[in-house]
Structure formats: C-alpha cells, structure tokens
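Residue-level listing of the chains:
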Amino acid sequence: MSDFLTLERLTLGYGATIAVDSLDFAMKPGELVALLGPSGCGKTTTMRAIAGLMTPVSGRIELDGRDITRVPANRRGIGLVFQSYALFPHLTVFENVAFGLRLARVPAAQVRTRVEAALASVGLSHLADRQPKALSGGQQQRVALARSIVVEPKLLLLDEPLSNLDARLRLEMRSELARLQRELGIAMIYVTHDQAEALALADRIIVMREGRIEQAGTPEEIYERPVSGFVANFIGFENCFALRDGKLKGLAAPGFDTGTATGLAWRPNAVRLGRGAHRGTVAGASYLGQVVEYLLATPLGDVKAEVPAAAPRHAIGAEIAFDLPQDGAVVLHRD
Amino acid sequence: MRGLGHLLLAAVLVFLIGPFVIICVAGLSGGETLAFPPEGLSLRWVAKVFTVESFRAAFWLSIALAFGSTAVALALGIPAAYALERYDPPGAEVVRAIVTAPIVVPGIIVGLALLRHLVIPLGIPVPLALMIGHTALLVPYAVRVVSGSLVNLRPDIEEAAVMLGASRLQAFAKVVLPNIRAGIMAAFIIGFITSFNQVPVSLFLTGPGITTLPIDMMFYMEFNYDPSVAALSGLLALMSLGVVMVAEKLLGLSRYV
C-alpha cells in the first residue's frame, strides 16, 4: 500500500520560535496513528499544520497523492475534533451536525438521512433537537465526532479528544472511537499526552519531543523497547539510570550488552524487594489497593518499586535489599 | 439597617424616576407657562408639539441621523472589535485608547474641534458634518459592546466551521455573527439613544434651518417658555422606553448591558 499522508521536512514555527523541526512522517490509508508527547512537544502544532490551520515555515504535506501544503484548510477534506469540542452554541445538535453538509449544498432530504445516520452511529438520535449547552461533556464530544464524520473526510484529526472527560467516560469513549474507526475504516491521527490512550487505540505511535520525532513504532515496540530515557520515562519506566563505562554508578551491570548503551530502565513492577545486590532505605509507601508502591532512597538515586499488596510490608525508614533483574530491564541508547 | 436600606432605595428611585414624572405631568399642564405642579390638566400642549414645524423637521433629521450614524458606527466597529479581539494586532492598545477617546473627552470639545478643524476648512455641509460627528461619538460604544460579546465566544468555533468547509468569511457570517447578534442589537440601541439625545457635539455642527431635535428644543425654550417642550420630552421618553422594552422582550437586553 502506498502512503496516504506524507510530511516531508516539515518545519513549523510561531514568529522566531521553531516549534517543529524538519519532521518526516508517512501514514497508510485507514491507519490510526497517535502523536504522543508532553505539552509543548509540537504534537498539536503538527496536527494544526496538517489541518491547514497554520502555514508551514518550510516543507511539504501530501494527502492522497496531492500536494496540499498551500491548500486552504476548508478545501483539504480533513476533519478535526477539537479538544474543547467547539460546538456552535446557536445551533441545535441536528444543525451542528448538518453544518458541513449544508455548506456543501447537499439536498435537504440527503442532509436529513445522513445527519440521522451520523447521530445514530454515536448513539445520540434522541438528542437531535437539544442545544449544545444542554448536553454533558461526553454527549458534546459525540456531537463533535458526528459533525466531523458526517462530511466523510479523507482524514480525521483528533486533538486530545478525551482529556476533558472523567476517567470512566474516557474508557467508554475510547472503545467507542475504536469501534467507529473500525466501522468507517477512516485514517485518523490522534493527538494525546496520555500513553494509555495511545497504547489502547493506535496502530502506530509517534513519540514527539521538542519538535522532533523521538521514536515511532507499534504500541508493543514503544512499550517494550523504548529507545531513550525520555520515551522510557514517558511510557512508565520510572526508574531510569545512566550508565558510565558500562556501569551503574560504579556497580557492574552484569549480563547486559552495554556496548553503545547510555542507560538502563525498569518499570516499578519489575523491581524486586527483599533480596538482591542493591540496598536502599524505604522513604515512602502508598497503598494502592492491588499493589503497594514504595519509594526507596538508594545510592543510585530514587527507586520506585511496586509489589503485590499481599507481600510482606516494609516500614518507612527500614533498610532493605532489592534487585534490578536483567529480564525486566530495557537498554537505552539515548537519554 | 434594614430601614436605612429601604430609605436609600426609595431615594434612588425618587431621583431616577422623579424627573421623568415631573416632566410628564408638566407637559399635561393646562397653563401658559412651564410649571410644576401644573395649573390644571389638558392635552393642548401635547397637541401643539405636532403643529410646530421646526420640531417635525428636527425630529425626522434626528431619527435619520440616529439610524445612519449608528449603522455606520457598527459597520466600522464590528470589524474593528473583531480584529482587536482575535488578532491582537500590534498597537491594539493604542487603537483601544483612541477609540475610547470620544467617551473621555467632553462632547463640547469634540464638537468644537470637528467644527474648527474639519467642517470649516473642508466646507462640509451640515447633515454630513452631523453624521461624521455622531459616528465618531458612537464608534467607541460599538467597539466596546461588540468586543464584550466576542470575548465570550470561543475562537475555535470559527476553526471548526472552516474544517467543515467554510471560508473565513462564511465562518464569520454563519458562526460569529449569529452568536454576537445580541451584542450588536445592544450596541445599536445604545448608539441610537446616544445619538438621538446628543447635545454638545451637535451644538457646534448644526446650522441655520438644519438642526437636531434636542438642539431645536433648547432654542425653542429660549423664546417660548410654554409646556410644549415638557410634553415633547415626555413623548420622547416614552418612545425610548418603548424601544428598550421591545428590545428586552425580544433579546433579554438586560443580560448584555
């Protein structure tokens, strides 16, 4: 399959500030790509440039075989679901969804059937006559989604679509989004700072850092083999340690091929307590239900460990042994 | 404390509504001179208002002026407010300050300045001079009130419209305008009433035979101290009240002003 969307050496900026630096990226038709990164990493800027809401400093954007770098946003055939939903406050739910169709002068009978189908697909047929302000956050989100998909865009961009919802609704909307994407087969770019959302939804994740791509890969690759301390940290390896001459702070790191490696990282649940080569003092303990999370002060620095709540507890201030096992570690080649 | 509060409330109401009541009652006087309490009641001065030729001409000029200058002020003020709110252009603060100046500077100075440095040197005819003066006076209100309703409108709904296929102009017409309609109506009513009641600026710009209603009433009173001016004032007050009540009914004006 040929590439559906290509960004070539795309550079974006606000005034003299460069926000995105010479980005290269390609996606396939029907793919769901997550742009993942902390705020300020350039992911939203990249999305706005793809949408046409900002003009690149340099570089090229190609969609479906056509150079769209200079095509205005309203002629790109790209949909965008805003973080704030951005519903039109003066129009009913029905008219919000019908907006794009009416602009395209679709005959009234077709508008009705298509809007009704779109509302049905997000489960909101019964609220067609409401005003947006009479809806809950989750319902507004669904209207925003219906409004974007009813015009059948080639590509749908979603800007942190779930960040304004509470945890439960977030899960519900997440599976809803996955279902819609399967049903419509539409290519989507999903911008988020939430690694769990990216892992659950995306076919491919692009981790961004300071305007560049830090790592791109499948959720499994990103989750299991982060290439840098930055990605490791972002994806839940909270214990990242730099290597000096293949050693962890003077301690040998036996068994690792530390040739070009710059660091090693462990998830909290990979750290074993009670035995091992390292020693540390318990500085904090939080009971989280299933697990207890310990914070250890050690010569390596702070170490976070997560153990099953059923395991023997350690008192704060106690000095205990711990192990950073080889099989739970990832080798990092950059910081 | 409670008693004092009620007293204060009563005083405020008396001072707010009192003059209006006095003018209306004085206008219904049966006597020959403007007086309160009136000497008997009659509608003769109300009837007289409609027979004074200069009142009739001045009324229509004032109405045309109020509609015209408010419309022009809005045509200039809406894009200005939009640009100031959305683009925050360089020098936005200076523009805001300049646009507010006619509210801060006494009208009499504005009128004199316009006369000396614009109307006389360029030989601008009276109706056009009035139109320019009133428009300059109303632009600040238009910019301020419209800005107020733009602040409450999220800028991303315009982008949402664009992403659905609208041009920037269509987004403005179909999404921004309907949402600031109430602000525009409020600015229109404020502008209309300000222009209609305007004295100081108009004073310098009116000429022989062409004058606005408030100025004409002032001159009339200098020579005729009869209750017809009070009757006219009462009628005008009722007209303003009617406009505000209709606006309140249609738009819920009190939510915006």
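Residues numbered from 1 in each chain as written. Chains lettered and ligands numbered in written order. Predicted model: local features only at pLDDT ≥ 70, side-chain atom pairs only at ≥ 80, totals over all residues. Heavy atoms only, no water.

Caption draft 1: Broad picture of the overall build of chain B. What chain B contains, in helices and strands, is 11 helices and 0 strands. In chain B, the order of α-helices and β-strands from amino to carboxyl end is α-α-α-α-α-α-α-α-α-α-α. Across its three principal directions, the C-alpha atoms of chain B cover 70 × 60 × 35 Å. A buried classification covers 40% of the 257 residues belonging to chain B. Intrachain contacts of chain B at a sequence separation of at least 6 include 70% that bridge at least 24 residues. About 13700 Å² of surface is accessible on chain B, with carbon and sulfur atoms providing 74% of the total. (Helix = DSSP H or I, 4+ residues; strand = E, 2+ residues; numbered from the N terminus. Buried < 20%, exposed > 50% of the residue type's maximum accessible area, 1.4 Å probe, protein only. Contact = heavy atoms within 4.5 Å. Areas by Shrake-Rupley, 256 points an atom, 1.4 Å probe, with all protein chains shown as cover.)

Caption draft 2: Broad picture of the overall build of chain A. Check the secondary structure of chain A and you find 8 helices and 19 strands. By principal-axis analysis of the C-alpha atoms, chain A measures approximately 75 × 45 × 40 Å. The proportion of buried residues among the 335 residues of chain A is 49%. Entry remark: accessible area of chain A is about 15400 Å², with carbon and sulfur atoms responsible for 49%. Within chain A, the 36 negative side-chain charges are centred at a point lying 4 Å from the centre of the 37 positive side-chain charges. (Lys, Arg positive; Asp, Glu negative; His and termini not counted. Charge placed at Lys NZ, Arg CZ, Asp CG, Glu CD.)

Caption draft 3: Structural detail: the interface of chain A and chain B. Taken together, the contact pairs 20 residues of chain A with 18 residues of chain B. Summed over the three residues of chain A that lose the most area to chain B, namely A:Asn74, A:His90 and A:Leu103, the buried surface amounts to 32% of that side. Here chain A and chain B share 1 salt bridge between them. Salt-bridge contacts for B:Glu159 lead to A:Arg48; the nearest nitrogen and oxygen are separated by 2.7 Å. If you look at where chain A meets chain B, you find 6 residue pairs in polar contact (both at pLDDT 80 or more). Within the residue set of the side of chain A that touches chain B, elements represented by two or more residues are α1 (43-51), β6 (78-81), α2 (93-103) and α4 (137-149) of chain A. Sort the elements by how many residues they give to the side of chain A that touches chain B and α2(A) lands first, with 3 residues. For the side of chain A that touches chain B, a count of residues per class yields 13 nonpolar, 5 polar and 2 charged. (Buried area = accessible area lost by both parts, 1.4 Å probe. Salt bridge = Lys/Arg side-chain N within 4 Å of Asp/Glu carboxyl O. Polar contact = N/O pair within 3.5 Å; in protein donor to acceptor, adjacent residues only side chain to side chain. Nonpolar A, V, L, I, M, F, W, Y, C, P; charged D, E, K, R; others polar.)

Caption draft 4: Region of the structure containing the packing of aromatic side chains. Using the criterion set out here, one finds 12 aromatic pairs over all chains in the structure. Considering the side-chain rings of A:Phe230 and A:Phe234, the 6.2 Å spacing of their centres and the 15 degrees angle between planes classify their relative orientation as stacked. Here A:Phe234 and A:Phe230 lie together in helix α8 (residues 229-234), a separation of 4 residues that amounts to about one turn. For A:Phe230, a relative accessible area of 19% gives the class buried. Pairing B:Phe59 with B:Phe196 gives two aromatic rings, centres 6.1 Å apart and planes at 80 degrees, and the pair type is edge-to-face. (Phe/Tyr/Trp six-rings, centres within 6.5 Å; stacked < 30°, edge-to-face > 60°.)

Caption draft 5: Seen up close, the pattern of salt bridges. Residue and element names in this part refer to chain A. Counting across every chain of the model gives 25 salt bridges over all chains. Note that Glu183 is salt-bridged to Arg179, the shortest N-O span being 2.9 Å. Remark: Arg179 and Glu183 occur in helix α5 (residues 167-184); sequence separation between them is 4 residues, near one turn of the helix. Under the relative-accessibility criterion, Glu183 is labelled exposed at 53%.

Caption draft 6: Structural context of the pairing of strand β17 (residues 301-308) of chain A. Residue and element names in this part refer to chain A. Taken together, the 8 bridges between strand β16 (residues 291-298) and β17 define a ladder with antiparallel strand orientation. When the sheet's bridge partners are listed, Ala297 is paired in β17 with Asp302. What sits between β16 and β17 in their antiparallel hairpin is a turn of 2 residues. (Pairing = 2+ DSSP bridges.)

Caption draft 7: Seen up close, the packing of helix α4 (residues 92-104) of chain B against helix α6 (residues 126-151) of chain B. Residues and elements named next belong to chain B. Look at α4 against α6: their axes get within 8 Å of each other, and the N-to-C directions meet at 120 degrees. Judged by the inter-axis angle, α4 sits oblique to α6. Viewed along their axes, α4 and α6 form a crossing whose handedness is left-handed. Here Val99, Thr100, Pro102 and Ile103 of α4 come into contact with α6, specifically with Ala136, Leu137, Val139, Pro140, Tyr141, Val143 and Arg144. By residue class, the composition of the contact of α4 with α6 is 9 nonpolar, 1 polar and 1 charged. (Axes fitted to C-alpha atoms, helices over the stretch in contact; angles between N-to-C directions. Parallel < 35°, antiparallel > 145°, perpendicular 65-115°, else oblique. Left-handed = near helix turned anticlockwise from the far one by under 90°.)

Caption draft 8: Looking closely at the pairing of strand β7 (residues 155-159) of chain A. Residues and elements named next belong to chain A. Counting buried residues along β7, 5 of its 5 residues qualify, which places the element largely inside the surrounding structure. Of the two faces of β7, the one lined by Leu155, Leu157 and Asp159 and the one lined by Leu156 and Leu158 are each fully buried. Pairing of β6 with β7, which is carried by 4 bridges, proceeds in the parallel orientation. By the bridge assignment, Gly79 is partnered in β7 with Leu156. Examined bridge by bridge, β7 and strand β8 (residues 187-192) share 5 bridges and lie parallel to one another. The residue bridging Leu158 from the neighbouring strand is Tyr190, located in β8. Remark: the β7/α5/β8 crossover connection has right-handed handedness. (Right-handed = clockwise from strand over helix to strand, strands pointing away.)

Caption draft 9: Summary view of the environment of A:Leu157. Among the structural elements, A:Leu157 can be located in strand β7. A:Leu157 sits 34 residues away from A:Val191 along the chain, and the two C-alpha atoms are 7.7 Å apart.

Caption draft 10: Just unusual backbone geometry, in detail. Phi at A:Arg105 takes a positive value of approximately 55 degrees, unusual for a residue other than glycine. As for its position among the elements, A:Arg105 is in the loop between α2 and α3 (108-121). The class for A:Arg105 is exposed, based on a relative accessible area of 74%. Phi is positive for B:Asp88, which is not a glycine, with a value near 40 degrees.

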